[in-house]
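Chain by chain, the residues run as shown.
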Amino acid sequence: MTGGEVAAIIAAVAFAVLVVFIVLVLIKIGKTVERVTTTVDEANKTIEVVTKDVDILSRQVEGLLVKSNELLDDVNKKVATIDPLFAAVADLSESVSELNYSSRNLLGKVGAVGKSTAKAGVVGKVGGAAFRAFRPKKTSKTSESVK
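From a predicted model like this one, the values you see are computed outputs, not experimental measurements.

A.B. asks: Explain the overall build of the protein to me, please; I cannot follow it from the model alone.
C.D. replies: A count of helices and strands for the protein gives two helices and zero strands. Here the protein holds 147 residues, and 0% of them are scored as buried. Carbon and sulfur atoms make up 69% of the accessible area of the protein, which amounts to about 13,200 Å² in all.

A.B. asks: What exactly am I supposed to notice about the UniProt feature "transmembrane region" (unreviewed entry) in the protein here?
C.D. replies: Residues annotated by UniProt as "transmembrane region" (unreviewed entry) correspond here to residues 6–27. The annotated region residues 6–27 carries 100% helix and 0% strand content, and the separation between its end C-alpha atoms amounts to 31 Å.

A.B. asks: Could you clarify how one ought to interpret the pattern of salt bridges in this entry?
C.D. replies: Side chains carrying opposite charge are able to pair once their charged atoms draw close together. All chains considered together, the criterion is met by one salt bridge. In this structure, aspartate 74 engages lysine 78 in a salt bridge whose closest nitrogen and oxygen atoms are separated by 3.2 Å. Here the residue aspartate 74 and the residue lysine 78 both occupy positions in helix α1 (residues 3–134), the gap between them amounting to four residues, near one helical turn.

Parameters at a glance
- Residues numbered from 1 in each chain as written.
- Predicted model: local features only at pLDDT ≥ 70, side-chain atom pairs only at ≥ 80, totals over all residues.
- Heavy atoms only, no water.
- Helix = DSSP H or I, 4+ residues; strand = E, 2+ residues; numbered from the N terminus.
- Buried < 20%, exposed > 50% of the residue type's maximum accessible area, 1.4 Å probe, protein only.
- Areas by Shrake-Rupley, 256 points an atom, 1.4 Å probe, with all protein chains shown as cover.
- UniProt positions renumbered as here; feature names shortened; annotations may be inferred.
- Salt bridge = Lys/Arg side-chain N within 4 Å of Asp/Glu carboxyl O.

Dropping the structure here:
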């Protein structure tokens, strides 16, 4: 064996080791690619499911928004029809308050008149009794002249 043959054998062994190493790396890369492909497929399936769910949810949310807008319009219309009622109630409460104030004043005046009337009644009774007491009594002259 000459030096060239030894060099060729060393080169052949190195090439064989290199080929084995490359084959092992390619096998690992193949397994990694399979795992990545599986992961991508699962991600695509998940994305499809999520997309369908989001579509369904967006339709439901849109329906809810439409219904809530209709409800809000209805409430606004009803509030607009009730506003005059509240204004009327406010006017009525103001009128009742004024009526209450006027009745208190009237009762105060009637009470004052009643007190003065009661005093006048007492004075009148006392005066009437005094008048009857001091009035000259009718004598029976008329009865004597008739006889």
